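Chain by chain, the residues run as shown.
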Amino acid sequence: MDKPKKIQLVNGEKGNLIRITALNLEGVMRRRLLDLGFVAGALVEVVRKSPLGDPIAFRVSQTTIALRKEESSRIEGELLSNGE
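This report concerns the structure included in the present document. Note that residues are indexed from 1 along each chain, following the sequence as it is written. Reporting in this predicted model follows two pLDDT cut-offs: at least 70 for local features of residues, and 80 or more for side-chain atom pairs to be given and counted; totals over whole chains, interfaces and linings ignore these cut-offs and use all residues. Hydrogens and waters are ignored; side-chain quantities use all the structure's heavy atoms.

**Digging into the nonpolar core**
Part 1 of the argument: The definition of a nonpolar core used throughout is a set of buried Ala, Val, Leu, Ile, Met, Phe, Trp, Tyr and Cys residues joined through side-chain atoms within 4.5 Å. In this scheme, a residue with accessible area under 20% of its type's maximum is buried, one over 50% is exposed, and one in between is partly exposed, where area comes from a 1.4 Å probe on protein chains only. The biggest cluster of nonpolar side chains holds 18 residues, and the ones touching the most others in it are Leu9, Phe38, Val44, Phe58, Leu67 and Ile75.
Part 2 of the argument: Within the residue set of this core, elements represented by two or more residues are β2 (17-23), β3 (43-49), β4 (56-60) and β5 (63-67).
Part 3 of the argument: Note on contacts: a residue pair qualifies if any of its non-hydrogen atoms lie within 4.5 Å across the two residues. Here Val44 is in contact with Leu9, Asn16, Leu17, Ile18, Ile20, Phe38, Phe58, Arg59 and Val60, once residues within four sequence places are set aside. Numbering goes from the N terminus for both helices and strands, where a helix is a DSSP run of H or I of at least four residues and a strand is a run of E of at least two.

**Re the sheet that holds β2**
Part 1 of the argument: Pairs of strands are assigned from DSSP output, requiring at least two bridges between the strands. Taken together, the six strands give an open sheet; going across it, the order is β1-β6-β2-β3-β4-β5, and neighbouring strands pair in antiparallel fashion. Both edges of this open sheet fall to β1 (5-8) and β5, since each of them pairs with a single strand only. For this sheet, the mean angle separating the axes of adjacent strands, direction not counted, is 40°. For every element, the axis is a line fit to its C-alpha atoms; helices are fit only across the contacting stretch, and the angle between N-to-C directions ranges from 0 to 180 degrees.

**A look at unusual backbone geometry**
Part 1 of the argument: The backbone phi angle of Ser61 is positive, close to 50°, even though this residue is not glycine.
Part 2 of the argument: As for its placement among the helices and strands, Ser61 is situated in the loop between β4 and β5.
Part 3 of the argument: Notably, Gln62 is not glycine yet its phi reads approximately 60°, a positive angle.
Part 4 of the argument: Counting through the fold element by element, Gln62 comes out in the loop between β4 and β5.

**Notes on the environment of Glu76**
Part 1 of the argument: Structurally, Glu76 can be placed in strand β6 (residues 75-81).
Part 2 of the argument: Classification of Glu76 by relative accessible area gives partly exposed; the value is 32%.
Part 3 of the argument: Note: C-alpha distance between Glu76 and Arg19 (57 residues apart in sequence) is 8.4 Å.
Part 4 of the argument: When residues no more than four places from it in sequence are discounted, the contact partners of Glu76 are Ile7, Gln8, Arg19, Ile20, Thr21, Ala22 and Asn24.
Part 5 of the argument: Two N or O atoms count as a polar contact when they lie within 3.5 Å, although within protein this holds only if one can serve as hydrogen donor and the other as acceptor, and sequence-adjacent residues are included solely when both atoms are side-chain atoms. At 3.2 Å, the side chain of Glu76 and the side chain of Asn24 are in polar contact.

**So, the pattern of salt bridges**
Part 1 of the argument: When a carboxyl oxygen of Asp or Glu lies within 4 Å of a side-chain nitrogen of Lys or Arg, that pair is called a salt bridge. Applying the stated criterion across every chain yields a total of four salt bridges.
Part 2 of the argument: With a closest N to O distance of 3.1 Å, Arg31 and Asp35 form a salt bridge. You can see Arg31 and its partner Asp35 sitting in helix α1 (residues 27-36), four residues apart, about one turn around the helix.

That is the geometry; function is a separate question.
Structure, rendered in structure tokens:
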């Protein structure tokens, strides 16, 4: 079996399933995302990308949230499914 590919959430495509490995944010934004379920080991699905790619909608812990590139580029994970 192949080793999961490392990816930043910002680079995910619609339908991708990503397991979070690192949250490289600090302060209030880090706390807010942790409270919403963006924690190490959580599964995140890329739901929708805006036409210009910002913001991007993600589903985590049965909640859908839109993040800007600024935040989603600082969350890293392993690509588990490419949605095909």
